[in-house]
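Spelled out from the first residue to the last, the chains are:
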Amino acid sequence: MRKLLVLGLIIFLSGCKSRKLTADSSEKFKLENLAEVIKKNNLETIYPRAEISEGVDFFEEGTVERAYSILYPDTDDELLIIWKDKTQNQPHQVYVSKPGRWQTREGITVGTSYEDLVKINDGSIDFYGFGWDYSGAVDWKDGKMKDSNVRVFLAPVSAPPNSFYGDHIIEADPQDILNLDLKVRAIIYQDMEERS
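Quick caveat, the model's predicted, so the values are computed rather than measured.

Student: Explanation requested: the overall build of the protein chain in the structure shown.
Tutor: Within the protein chain, the secondary structure is distributed over six helices and eight strands. Burial statistics for the protein chain: of 196 residues in total, 39% are counted as buried. Of the contacts formed within the protein chain by residues at least 6 apart in sequence, a portion of 52% connects residues at least 24 apart.

Student: Whenever I open this one, the confidence of the model for the protein chain confuses me. Can you help?
Tutor: Reading fine detail from the predicted coordinates is not recommended where pLDDT is low. Across the protein chain, the average pLDDT comes to 86, with 88% of residues at 70 or higher. Taken together, the stretch residues 4-18 has pLDDT below 50 and engages in zero contacts with residues farther than four places along the chain or on a different chain.

Student: I keep staring at the environment of Tyr 189 and nothing clicks. Help me out?
Tutor: Its location among the elements puts Tyr 189 in strand 8 (residues 182-189). By relative accessible area, which is 8% here, Tyr 189 ends up buried. Taking the C-alpha atoms as reference points, Tyr 189 and Gln 93, separated by 96 residues in sequence, lie 5.8 Å from one another. Discounting residues that sit within four places of it in the chain, Tyr 189 has contacts with Leu 31, Glu 32, Ala 35, Gln 93, Val 94, Asn 149 and Val 150. Within the structure, the side chain of Tyr 189 is placed 3.0 Å from the side chain of Asn 149, a separation counted as a polar contact.

Student: I keep staring at the pattern of salt bridges and nothing clicks. Help me out?
Tutor: When charged atoms on two side chains of opposite charge get close, those side chains can pair. The tally for this structure, following the rule as stated, stands at nine salt bridges. Note that Glu 78 is salt-bridged to Lys 98, the shortest N-O span being 3.6 Å. Of this pair, Glu 78 sits in the loop between strand 2 (64-71) and strand 3 (79-83) while Lys 98 sits in the loop between strand 4 (91-96) and helix 4 (114-121), and the two are 20 residues apart along the sequence. What makes Glu 78 partly exposed here is its relative accessible area of 21%. For Lys 141, the salt bridge is made with Asp 126, and the minimal N-O distance between the two is 3.8 Å. With a gap of 15 residues between them, Lys 141 in the loop between strand 6 (138-139) and strand 7 (150-156) and Asp 126 in strand 5 (residues 126-127) connect regions that are remote in the sequence.

Student: Teacher, can you tell me more about the sheet that holds strand 1 (residues 53-59) here?
Tutor: Here six strands make up an open sheet; going across it, the order is 1-2-3-4-8-7 and the pairing antiparallel. The open sheet has two free edges, formed respectively by strand 1 and strand 7, since each of these has just one partner strand. Taken pair by pair, the neighbouring strands of this sheet meet at an average axis angle of 25°, ignoring direction. Pairing geometry for strand 2 and strand 3, over four bridges, is antiparallel. Within strand 3, the position partnered with Ile 70 by the bridge is Leu 80.

Student: Help me understand the environment of Thr 75, please; the structure alone is not making it clear to me.
Tutor: For Thr 75, the position within the fold is in the loop between strand 2 and strand 3. Classification of Thr 75 by relative accessible area gives partly exposed; the value is 33%. A distance of 3.1 Å separates a polar atom in the side chain of Thr 75 from the backbone nitrogen of Asp 77.

Student: It is not clear to me how the pairing of strand 1 should be interpreted in this structure. Could you clarify?
Tutor: Regular strands have side chains that alternate between both faces of the sheet. Pairing analysis gives seven bridges linking strand 1 to strand 2, with the strands arranged antiparallel. By the bridge assignment for strand 2, Val 56 is matched with Ala 67. Hairpin connection from strand 1 to strand 2: four residues lie between these consecutive antiparallel strands, with Glu 60 at a positive phi of about 55°.

How each quantity is defined
- Residues numbered from 1 in each chain as written.
- Predicted model: local features only at pLDDT ≥ 70, side-chain atom pairs only at ≥ 80, totals over all residues.
- Heavy atoms only, no water.
- Helix = DSSP H or I, 4+ residues; strand = E, 2+ residues; numbered from the N terminus.
- Buried < 20%, exposed > 50% of the residue type's maximum accessible area, 1.4 Å probe, protein only.
- Contact = heavy atoms within 4.5 Å.
- pLDDT = per-residue confidence, 0-100.
- Polar contact = N/O pair within 3.5 Å; in protein donor to acceptor, adjacent residues only side chain to side chain.
- Salt bridge = Lys/Arg side-chain N within 4 Å of Asp/Glu carboxyl O.
- Pairing = 2+ DSSP bridges.
- Axes fitted to C-alpha atoms, helices over the stretch in contact; angles between N-to-C directions.

See below:
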C-alpha cells in the first residue's frame, strides 16, 4: 500500500511541473506566453524561424517614436512588437492583425466572431464605430475580460450603415449588429504595467 501511495505521489508531482516553452511548442503562439519570452529576452531561441526584422517608426496616431520588431514578416503569423523605447528591453504592445496561429489564452484569434467574444467575455460587449484610428475597439464592460491585457478591434464583413461610423460606442438593434457579421480584425496584448 505504501509503495502505491509513493508511486501516486511521484506521478502527481511530475504532472505538476511547469512545462518549459520551446521552439517546438504550440504554446509559443499564445500572446501571454510571448510576453514571458520577451521578458526573458529569449525571442531568437523560442522563435528561430521568425526572420525578425526591426526598425523605428511613429505610433499612437503618429505622436510617439518607438522601436519595433516584426516576427514572421509577410506571413499569416506576422506579429508586431512595439517597444517601450529604443533599448528594446521592455515591450509596450504586441499587435496581431493577420489570421495566423497567434491567439490569446482564451482562444481569441484574428477572425473570432462577435458572438464568440460575447461568450468568452461571459457577458455583453460594446464596440466603437468604424472609420477612424481605433475603429471597432471593443469595450469588455463588466465581463470576464474587463481587467485582461487583451484589447480587440472588430471589422464588419458586410458594409455597415452610416450610423456605425465614428468615434462613439455603437448603440444599435442586436439584430443589426449580428447582420454585420463582425470579426476580430486585430488583437493588442499589453502588460498591466504598461496600461496604467
